Amino acid sequence: MNLEAENPLENKLKAELQNSEWLQKFKQLGDTLRYVKSEIPLTQLCDLKWNTEDDSLIINCPNEEIWQELSQQPEKIAKLNQKVNRLILKYANYQELIFDK
């Protein structure tokens, strides 16, 4: 006997999950993070955090050198705003750099 026919509730729940808005948003966030890391490889050394309240991406730099290097690439970072509403570049006591869409 076919396993799918044995458990129609499980199949229904899987289908609902695959079509859920939450899962689609989660997949989109993952795609966006991969895009950011591929476009600016230096961000792979940073802590990336997604703020779901305003769809912003926070890039926490681990050290001053990385923050300096990233802050010297405003046009490249601004290009990433096609994928997010706001991008925030942070490091310790430095002033945040904010790139709005």
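Residues numbered from 1 in each chain as written. Predicted model: local features only at pLDDT ≥ 70, side-chain atom pairs only at ≥ 80, totals over all residues. Heavy atoms only, no water.

1. Description of the overall build of the protein
For clarity, the threshold we go by: Secondary structure elements follow DSSP: runs of H or I of four or more residues count as helices, runs of E of two or more count as strands, with numbering from the N terminus. The globule rule used for comparison is 2.2 Å times the number of residues to the exponent 0.38, while the radius of gyration itself is calculated over C-alpha atoms. Note on exposure labels: buried denotes an accessible area under 20% of the residue type's maximum, exposed denotes more than 50%, and partly exposed covers the range between, all computed with a 1.4 Å probe on protein chains only. Two residues form a contact once any of their heavy atoms are found within 4.5 Å. Note on areas: Shrake-Rupley with a 1.4 Å probe; residue coverage comes only from the protein chains shown.
Looking only at helices and strands, one finds five helices and four strands in the protein. Counting from the amino terminus, helix and strand elements in the protein follow one another as α-α-α-β-β-α-α-β-β. In terms of overall dimensions, the protein is more spread out than a globule: its C-alpha atoms have a radius of gyration of 19 Å, far above the 13 Å expected for 101 residues. By its C-alpha atoms, the protein is 65 × 25 × 20 Å across when sized along the principal axes. Taking all 101 residues of the protein together, 29% fall into the buried category. Summarising the internal contacts of the protein: among those between residues at least 6 apart in sequence, 45% fall at separations of at least 24. Carbon and sulfur atoms make up 50% of the accessible area of the protein, which amounts to about 7100 Å² in all.

2. Section: helix α3 (residues 21-39)
So the rule is basically this: Helix span, as expected, comes to 1.5 Å for every residue beyond the first.
The first and last C-alpha atoms of α3 sit 27 Å apart over 19 residues, in line with the 27 Å expected at 1.5 Å per residue. Regarding α3, the residues found buried are L23, L29, G30, T32, Y35 and V36. Lining the buried residues of α3 we find α2 (8-18), β1 (47-51), β2 (56-60) and α5 (74-80).

3. Quick notes on the side chain of S71
Here S71 lies in helix α4 (residues 64-71). Relative accessible area serves as the criterion here: at 16%, S71 is assigned to the buried category. Leaving out residues up to four positions away in the same chain, S71 has contacts with L89 and L97.

4. Digging into α4
Filter applied, for reference: Here, the arc refers to the directions that run from the helix axis to the C-beta atoms. Two N or O atoms count as a polar contact when they lie within 3.5 Å, although within protein this holds only if one can serve as hydrogen donor and the other as acceptor, and sequence-adjacent residues are included solely when both atoms are side-chain atoms.
Where α4 is concerned, the buried positions are I66, W67, L70 and S71. Looking straight down α4, one finds its buried side chains confined to an arc of 130°; they lie on one side. Where α4 is buried, its residues contact β2, α5, β3 (86-90) and β4 (97-100). One side-chain oxygen of the residue at the start of α4 lies 3.2 Å from the amide nitrogen of E65, identifying that residue as N63.

By themselves, these are just geometric observations and shouldn't be taken as functional.
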